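Residue-level structural notes
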Amino acid sequence: MEAVGVAPAPVAAAVKKKLLDLKDPFPTAAAENGAKASPAGKWAMKKKLVGGDAGYVLEDVPHLTDYLPELPTFPNPLQDNPAYSVVKQYFVNPDDTVTQKIVVHKTSARGTHFRRAGPRQRVYFQSDEVNAAIVTCGGLCPGLNTVVRELVCGLYDMYGVTSVVGIEGGYKGFYSKNTIPLTPKSVNDIHKRGGTILGTSRGGHDTAKIVDCLQDRGINQVYIIGGDGTQKGASVIYEEVRRRGLKCSVVGVPKTIDNDIAVIDKSFGFDTAVEEAQRAINAAHVEAESAENGIGVVKLMGRNSGFIAMYATLASRDVDCCLIPESPFYLEGKGGLLEFIERRLKDNGHMVIVVAEGAGQDLIAKSMNFVDTQDASGNKLLLDVGLWLSQKIKDHFKKKPNFPITLKYIDPTYMIRAVKSNASDNVYCTLLAHSALHGAMAGYTGFTVAPVNGRHAYIPFYVSRGPYVQIEPGYCNTNCPGGSETWTIFVFAEDHREAEQGGDHGPDVGEGAVLDEPALLPEPRGRGEHEA
Ligand SMILES: Nc1ncnc2c1ncn2[C@@H]1O[C@H](COP(=O)(O)OP(=O)(O)OP(=O)(O)O)[C@@H](O)[C@H]1O
Ligand SMILES: O=P(O)(O)OC[C@H]1O[C@](O)(CO)[C@@H](O)[C@@H]1O
Ligand SMILES: [Mg+2]
């Protein structure tokens with residue numbers, strides 16, 4: 001394995017932490033409205049940390065009783081449901097937590113934990129009291145319809161809820177559109193379709209108007225499906241709901257095809273995307289193989305992280321070079337991409353390049369004198385690295401008349417995003433939806449749900465809203481037959497989701513302590529585009 005055209009990897013900034021001893025981590029709504037909160041107090045409203053023995057920390061999620069302490073509880077209707085009541089120990093022990101790190105040493109502290117997802121023996125809503133709403137926001141992703149379907153069917157079938165509506169067209173639909181009634185019948189087949197039956201959008205988040213809508217319509221459970229931007233929006237909705245003292249659970253279901261959400265094992269739609277990407281890579285390979293010095297270039301999604309590109313490359317084995325945002329590269333000169341392409345064509349007669357859409361953005365911007373533009377949500381608009389790269393390669397070989405090439409550029413990005421979810425994503429989405437509604441029924445709020453080390457957990461919004469995770473730069477030996485020269489990839493290594501990229505946001509606290517002053521919190525790595 002050789003290093004080709006790789007610029008040095010950026011070094012993550014060290015994060016300073018400080019212990020604070022806050023007596024009242026979650027003041028009541030009344031207290032919040034009264035005396036002016038200190039900066040630490042304000043932050044404590046967002047974090048709910050519980051310390052235990054030997055460095056155990058529970059990063060807990062809010063509960064309706066944090067600000068509505070008198071709420072009554074009811075037996076979970078699941079205990080009378082013939083499909084569930086037969087299962088021994090179906091209900092989750094309220095003390096169960098899921099550990100963030102499973103690789104530890106004998107000297108390790110117990111570390112950060114999240115509250116385990118699942119049905120509770122007692123619930124905070126009666127079935128006929130629930131008015132649930134579901135909204136999908138941000139870009140499309142395979143599995144959106146499956147999550148919507150399973151939320152609706154789960155609420156009806158497990159909890160006997162009969163009032164569920166969809167919000168049309170993302171956040172702005174709360175205040176600009178009528179709601180869509182959702183029933184098990186109306187959503188029965190939707191998991192067999194790509195997209196979202198509810199529609200989606202970017203921009204248009206108006207917290208006050210959204211919470212007015214929740215209040216006016218009497219919505220007391222809101223399920224918000226979307227990416228990092230959506231989770232930021234959900235987080236401020238939760239804060240406003242709490243400020244107004246409303247009995248309304250605000251639940252996030254994390255979505256991004258890019259699979260770059262910290263702490264969680266995987267986001268839904270990612271498996272489908274990797275599988276669908278194989279079709280494009282196969283086509284690129286067939287085209288490349290069939291021509292003299294054939295080059296196939298495939299662009300895949302991945303705004304800040306190259307997970308789809310990397311996994312699709314590993315799965316395919318037809319890819320010679322994979323470019324991802326995590327690893328800056330250069331074209332010209334010794335060790336540059338163009339030199340590598342030339343050598344690869346001489347050796348093998350054809351090659352396939354996979355490039356993640358976020359790769360090489362600085363390089364393109366520099367060569368085009370480009371000024372930044374943004375989408376409606378404030379996300380930076382990316383330049384087309386696939387087109388740019390293809391043109392650069394063609395220009396290079398035009399100067400070499402004795403070295404004719406045939407290059408085909410395939411951009412399947414939206415085709416991949418728009419397909420229906422595959423079988424494994426369907427199962428994943430189903431479990432995710434069920435975990436979400438168990439949490440809401442149990443009175444939790446201000447959380448997202450996702451698997452952490454294989455167990456579903458309730459995770460505070462400030463974790464799921466960023467910073468995004470990236471692939472750790474390095475090299476992996478893919479053990480291709482033919483030796484290292486037949487297979488060269490710029491960057492490969494493990495997915496260090498747990499620690500290095502902000503996933504290890506967990507504090508080192510003593511028992512009962514609450515910590516992290518706002519000023520000392522890690523900035524989202526490289527994000528800063530539309531911070532709340
Ligand atoms: N900081 C923020 N505060 C409140 N709302 C936000 C914030 N950032 C984004 N939003 C809202 O969230 C919604 C979705 O955001 P965005 O378009 O960034 O997609 P996303 O949820 O990140 O999904 P993806 O990037 O995976 O497509 C938009 O309606 C946007 O207005
Ligand atoms: O064209 P749209 O809808 O803005 O979406 C593009 C972006 O959405 C994502 O799929 C998710 O963030 C990115 O990979 C991509 O950059
Ligand atoms: Mg996003």
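Residues numbered from 1 in each chain as written. Chains lettered and ligands numbered in written order. Predicted model: local features only at pLDDT ≥ 70, side-chain atom pairs only at ≥ 80, totals over all residues. Heavy atoms only, no water.

**Concerning the site of ligand 1**
- Within the structure, ligand 1 sits among 20 residues, and Gly139, Gly203, Asp228, Thr230 and Ser377 are positioned closest to it.
- At 2.9 Å from an oxygen atom of ligand 1 is found a main-chain nitrogen or oxygen belonging to glycine 227.
- Contact between ligand 1 and lysine 255: an oxygen atom at 3.1 Å from a side-chain N or O atom of the residue.
- Protein burial of ligand 1: of its 630 Å² of free accessible surface, 89% is covered by the chains.
- Comparing atom positions with the cavity grids shows ligand 1 to sit within the largest pocket.
- A total of five residues in the shell around ligand 1 trace back to one element, the largest contributor, which is helix H7 (residues 228-243).
- Grouping the constituent residues of the shell around ligand 1 by class yields two nonpolar, 14 polar and four charged.
- Summarising the domain contributions, the shell around ligand 1 has at least three residues from each of domain 1 (2-15 + 270-417 + 470-530) and domain 2 (18-267 + 421-464). (Near = heavy atom within 4 Å. Polar contact = N/O pair within 3.5 Å; in protein donor to acceptor, adjacent residues only side chain to side chain. Areas by Shrake-Rupley, 256 points an atom, 1.4 Å probe, with all protein chains shown as cover. 1 Å grid on protein atoms, 1.4 Å probe; cavity = no way out; pocket = protein on both sides within 12 Å on 5 of 7 lines; lining within 4 Å. Sits in = over half its atoms within 2 Å of the grid points. Helix = DSSP H or I, 4+ residues; strand = E, 2+ residues; numbered from the N terminus. Nonpolar A, V, L, I, M, F, W, Y, C, P; charged D, E, K, R; others polar. Domains from an automatic or database assignment.)

**Things to note about the sheet that holds strand E14 (residues 350-356)**
- With respect to topology, four strands assemble into an open sheet ordered E13-E14-E12-E15, the strand pairing being parallel. Looking along the sheet, the strands with just one partner apiece sit at the ends: strand E13 (321-323) and strand E15 (406-410). Neighbour-to-neighbour, the strand axes of the sheet open up by a mean angle of 15 degrees, direction not taken into account.
- Sheet analysis places strand E12 (residues 294-300) next to E14, joined by seven bridges and oriented parallel. Within E14, the residue paired with valine 298 across the bridge is valine 354. (Pairing = 2+ DSSP bridges. Axes fitted to C-alpha atoms, helices over the stretch in contact; angles between N-to-C directions.)

**Focus on the layout of surface pockets**
- Roughly 990 Å³ of internal volume is contained in the largest pocket.
- If you go around the largest pocket, you meet 49 residues; those closest to its centre are Arg202, Asp228, Arg303, Asp375 and Asn379.
- A per-class count over the lining of the largest pocket returns 16 nonpolar, 18 polar and 15 charged.
- When residues are assigned to domains, the lining of the largest pocket turns out to be shared by domain 1 (2-15 + 270-417 + 470-530) and domain 2 (18-267 + 421-464), each giving three or more. (Points joined across faces, edges and corners; volume = space filled by probe spheres on them.)

**Comments concerning the packing of aromatic side chains**
- Per the counting criterion, the structure on display carries six aromatic pairs.
- Ring geometry for tyrosine 90 and phenylalanine 91: centres 5.9 Å apart, planes at 75 degrees, overall edge-to-face.
- Between the aromatic rings of phenylalanine 270 and tyrosine 311, the centroid separation amounts to 5.3 Å while the plane-to-plane angle is 80 degrees, which identifies the pairing as edge-to-face. In this pair, phenylalanine 270 sits in helix H8 (residues 270-289) while tyrosine 311 sits in helix H9 (residues 307-316), placing the two residues 41 residues apart along the sequence.
- Three or more aromatic residues joined by ring pairs form one cluster here, namely Tyr444, Phe447 and Tyr458.
- Its guanidinium or amino end placed over the ring of phenylalanine 125, lysine 247 lies 4.5 Å from that ring's centre, counting from NZ or CZ. (Phe/Tyr/Trp six-rings, centres within 6.5 Å; stacked < 30°, edge-to-face > 60°. Lys NZ or Arg CZ within 6 Å of the ring centre and 35° of its normal.)

**Some remarks on the site of ligand 2**
- Around ligand 2, a shell composed of Arg202, Ile257, Asp258, Met301, Gly302, Arg303, Glu357, Tyr414 and Arg417 is seen.
- In this structure, an oxygen atom belonging to ligand 2 sits 2.4 Å away from a side-chain N or O atom of tyrosine 414.
- Contact with the protein chains covers 79% of the free accessible surface of ligand 2, which is 400 Å².
- Here ligand 2 is seated within the largest pocket.
- Shared between two domains, the shell around ligand 2 holds at least three residues of each, these being domain 1 (2-15 + 270-417 + 470-530) and domain 2 (18-267 + 421-464).

**Concerning the side chain of serine 305**
- Position of serine 305 relative to the elements: it lies in the loop between E12 and H9.
- In this structure serine 305 comes out as buried when scored by relative accessible area, which is 1%.
- For serine 305, the side chain forms a polar contact with the main-chain oxygen of valine 469, separated by 2.5 Å.
- Sequence-distant contacts of serine 305, that is, excluding residues within four places in its chain, are made with Asp260, Pro325, Glu326, Tyr468, Val469 and Gln470. (Buried < 20%, exposed > 50% of the residue type's maximum accessible area, 1.4 Å probe, protein only. Contact = heavy atoms within 4.5 Å.)

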